[in-house]
Amino acid sequence: QVQLVESGGGLVQAGGSLRLSCAASGRTFSSYVMGWFRQAPGKEREFVAAITGSGGGTYYADSVKDRFTISRDNAKNTVYLQMNSLKPEDTAVYYCAADRNSRFISEGQNQSSRYDYWGQGTQVTVSS
């Protein structure tokens, strides 16, 4: 079992920045891929970013590439999402997720069905 707890959401003006954190329980955190997803009201949950178990590889949705950075600190069992140049369309509930079956990023890593543990989500609101 893995428990994931997100934090760091809030209200920010367009162009601003936020850093989300996701703390994970368990002793094998460094062995699996972590991802961030988001869901806006009335929309499907969508992939944002993923990172390999070691942190050496990352993968981003085109909509956030060059603005968001995913990272992890395996000593702290924590994955981060640094969000810069935020836009109103980034407004959503952000979820972290664990793919305990994968150490490396592979095809389909942007599909929510690949992830078997999810956090409760944290709200990010970007005002114009």
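In this text the structure is predicted, and so the values were computed from the model without any measurement.

### Describing the packing of aromatic side chains
Here's step 1: Under the definition given, this model contains 6 aromatic pairs.
Here's step 2: Both rings, one in F29 and one in Y32, keep their centres 5.9 Å apart while their planes meet at 80°; by these two values the pair is edge-to-face. Y32 matches F29 in its accessibility class, with the two residues each being buried.
Here's step 3: Taken together, the aromatic side chains of F37, F47, Y59, Y115 and W118 make up a single cluster linked through ring pairs.
Here's step 4: If you follow R72 out to its NZ or CZ, it ends over the ring of F29, 4.3 Å from the centre.

### Description of the state of the cysteines
Here's step 1: Within the structure shown, the criterion is met by 1 disulfide.
Here's step 2: Across a sulfur-sulfur distance of 2.0 Å, C22 and C96 are joined as a disulfide pair. Residues C22 and C96 are joined by a disulfide whose S-S torsion is about 50°; by sign, that bridge is right-handed. In this pair, C22 is assigned in strand β3 (residues 18-24) and C96 in strand β9 (residues 92-99), connecting sequence segments 74 residues apart. With respect to burial, C22 and C96 carry one shared label: buried.

### Here's the deal with the sheet that holds strand β7 (residues 68-73)
Here's step 1: Here 4 strands make up an open sheet; going across it, the order is β1-β3-β8-β7 and the pairing antiparallel. Edge positions in the sheet fall to β1 (4-7) and β7, since each of these pairs with one other strand and no more. When strand polarity is set aside, the average angle formed by the axes of neighbouring strands in this sheet is 15°.
Here's step 2: The pairing of β3 with strand β8 (residues 78-83) spans 6 bridges and is classified as antiparallel. Residue pairing across strands places L20 opposite L81, the latter belonging to β8.

### Here we look at the pairing of strand β5 (residues 46-51)
Here's step 1: Among the 6 residues that make up β5, 5 are buried, leaving the element largely enclosed by the rest of the structure.
Here's step 2: Where strand β4 (residues 33-39) folds back onto β5 in an antiparallel hairpin, the turn is made up of 6 residues, including G42, whose phi is positive at roughly 75°.
Here's step 3: Here β5 pairs with strand β6 (residues 58-60) via 3 bridges, running antiparallel. Paired with I51 across the two strands is T58, which belongs to β6.
Here's step 4: Counted between consecutive antiparallel strands, the loop separating β5 from β6 contains 6 residues, among which G55 sits at a positive phi close to 90°.

### Observations concerning the environment of L81
Here's step 1: Residue placement: L81 occurs in strand β8.
Here's step 2: Residues in contact with L81, not counting those within four places in the same chain, are L18, R19, L20, W36, V48, A49, F68, T69, I70 and Y94.

### As for the side chain of Q109
Here's step 1: Topologically, Q109 is positioned in the loop between β9 and β10 (117-118).
Here's step 2: The class for Q109 is buried, based on a relative accessible area of 0%.
Here's step 3: Contacts of Q109, omitting those with residues within four sequence positions, involve V33, F47, A50, Y59, D99, S102, F104, R114 and Y115.

The rules we used
- For every chain, the first residue of the written sequence is number 1, and numbering continues from 1 onward in sequence order.
- Residue-level local features of this predicted model are given only where pLDDT is at least 70; pairs of side-chain atoms are given and counted only at 80 or more, and the full residue set underlies all totals for whole chains, interfaces and linings.
- Values reported for side chains reflect all heavy atoms of the structure, with hydrogen atoms and water molecules removed beforehand.
- Any two rings among Phe, Tyr and Trp, with Trp reduced to its six-membered ring, count as a pair given centres within 6.5 Å; such a pair is stacked if its planes are under 30 degrees apart, edge-to-face if over 60, and tilted if neither.
- Each residue is placed in one exposure class: buried if its accessible area under a 1.4 Å probe, protein chains only, is under 20% of its type's maximum, exposed if it is over 50%, and partly exposed if it falls in between.
- Lysine NZ or arginine CZ positioned within 6 Å of the ring centre and within 35 degrees of the ring normal marks a charge as sitting over the ring.
- Whenever a pair of cysteine sulfur atoms sits within 2.5 Å, that pair is classed as a disulfide.
- Only DSSP runs of H or I reaching four residues or more are called helices, and only runs of E reaching two or more are called strands; each is numbered from the N terminus.
- A pair of strands is labelled paired if DSSP reports no fewer than 2 bridges between them.
- Working convention: axes come from line fits to C-alpha atoms, limited for helices to the stretch in contact. Angles between N-to-C directions cover 0 to 180 degrees.
- Contacts were defined at the residue level, with two residues in contact if any of their heavy atoms lie within 4.5 Å.

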